[in-house]
Each structure stands twice: as C-alpha cells, then as structure tokens.
Amino acid sequence: MGPKLIIIIATTILLFTGLLLGYVLSQLVLGFLGLNLLTFLGTFSLIVIFGTLYYVLFWELRRQSNQIKGNRPQPATQPATESTTQPTLKPTTPRGADSRLQNKLISMLDGDIAAAERLVAQARQNYPGFPESWYWERAIADLERDRR
C-alpha cells in the first residue's frame, strides 16, 4: 500500500469514527441512550479507534514530510582554499548531514568550522561505513563526553 492510500483510508475512517463518536456522545448527554456496560465499552472503543487513527495518520504525514525534506538536493559546497578565511563544510554523501547537527557541533565549538570538520573526519576514519549524520552525532557525543 502506498503512503497516499494509507492517508486516504485513515482519514476516511477517522472522519467516520469521529462522526459516530460525536453522535453516541450527544445521545448519551441528551439522555436518549442509557449508560450501561455496552454503551460504555462501545464509546471507549470508539475513542481508542479515533485516537489510534489520529496518531497513525499524523505519524504518516510527518514521515512523508521528513522524507520530502531529506530528498531535497543539498547545495554544493566548495572545498576550502588558502585564500578563504573559513573552511566550508563538504558532506561526503549526496544527502549530507543534518544541518541541525552541523550547527549544533559548530556552536559547541564556538563557530570553529575547521575543528568541527576535523572531529567528523576523525570519526569517519575510526568508524567507516556509517551514514553521514551518524558521524556528526558521534562527534557531538564525543565532545560532550570530553567536556564532562
């Protein structure tokens, strides 16, 4: 099943369950439906179904938006030259590392991009074969551990 089909089905069931739950609760409040074990369990199951579908639907939407963000092409960075005052970051994979992780490591190093690149390069050398964002996370964790 494709992600769009999951979203369509979940939305349809969520709307139907919401309408049914609203109807049952209104009948309970108005007194047309007596509160007994059957109506309690039915209402409770509708709430559970509604909550579960709500969670699944928005989890799927969030996952799709993260995939869309991850598939955007990263701007190419130029390698550092001697005339440049600050080196630039050049990811080793097409997707590159998460910019949030890069910014966090650089801010932990008070803006020292060269030091951040050295820490990540050292992690790449010590642990080959991992995704680019893992190296940035590893460098952050190593730096936090060393500062304790």
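Residues numbered from 1 in each chain as written. Predicted model: local features only at pLDDT ≥ 70, side-chain atom pairs only at ≥ 80, totals over all residues. Heavy atoms only, no water.

## Notes on the UniProt feature "transmembrane region" (unreviewed entry) in the protein
Listed under "transmembrane region" (unreviewed entry) in the UniProt record, and renumbered for this structure, are residues 5-25 and 37-59. Taken end to end, residues 5-25 is 100% helix and 0% strand, and its first and last C-alpha atoms sit 30 Å apart. Within the segment residues 37-59, helix and strand shares are 100% and 0% respectively, and the terminal C-alpha atoms sit 32 Å apart. (UniProt positions renumbered as here; feature names shortened; annotations may be inferred. Helix = DSSP H or I, 4+ residues; strand = E, 2+ residues; numbered from the N terminus.)

## Observations concerning the packing of helix α3 (residues 99-108) against helix α5 (residues 132-147)
Packing of α3 against α5 brings their axes to within 9 Å, and their N-to-C directions diverge by 25°. Looking at the two axes, α3 sits roughly parallel to α5. Between α3 and α5 the crossing geometry is left-handed. Counting all contacts with α3, which are made through Leu-101, Gln-102, Lys-104, Leu-105 and Met-108, the residues of α5 involved are Ser-133, Trp-136, Glu-137, Ala-139, Ile-140, Leu-143, Glu-144 and Arg-147. Class assignment for the residues of the contact of α3 with α5 results in seven nonpolar, two polar and four charged. (Axes fitted to C-alpha atoms, helices over the stretch in contact; angles between N-to-C directions. Parallel < 35°, antiparallel > 145°, perpendicular 65-115°, else oblique. Left-handed = near helix turned anticlockwise from the far one by under 90°. Contact = heavy atoms within 4.5 Å. Nonpolar A, V, L, I, M, F, W, Y, C, P; charged D, E, K, R; others polar.)

## Section: the packing of aromatic side chains
Using the criterion set out here, one finds six aromatic pairs in the structure. With a centroid separation of 4.7 Å and an interplanar angle of 55°, the aromatic rings of Tyr-54 and Phe-58 are classed as tilted. Of the two residues, Tyr-54 and Phe-58 both sit in helix α2 (residues 37-71), four residues apart, roughly one turn of that helix. A relative accessible area of 45% places Tyr-54 in the partly exposed class. (Phe/Tyr/Trp six-rings, centres within 6.5 Å; stacked < 30°, edge-to-face > 60°. Buried < 20%, exposed > 50% of the residue type's maximum accessible area, 1.4 Å probe, protein only.)

## A closer look at the environment of Ile-6
For Ile-6, the location among the structural elements is in helix α1 (residues 3-30). Taking relative accessible area as the criterion, Ile-6 reaches 26% and is therefore assigned partly exposed. For the pair formed by Ile-6 and Val-56, sequence separation is 50 residues and the distance between their alpha carbons is 9.2 Å.

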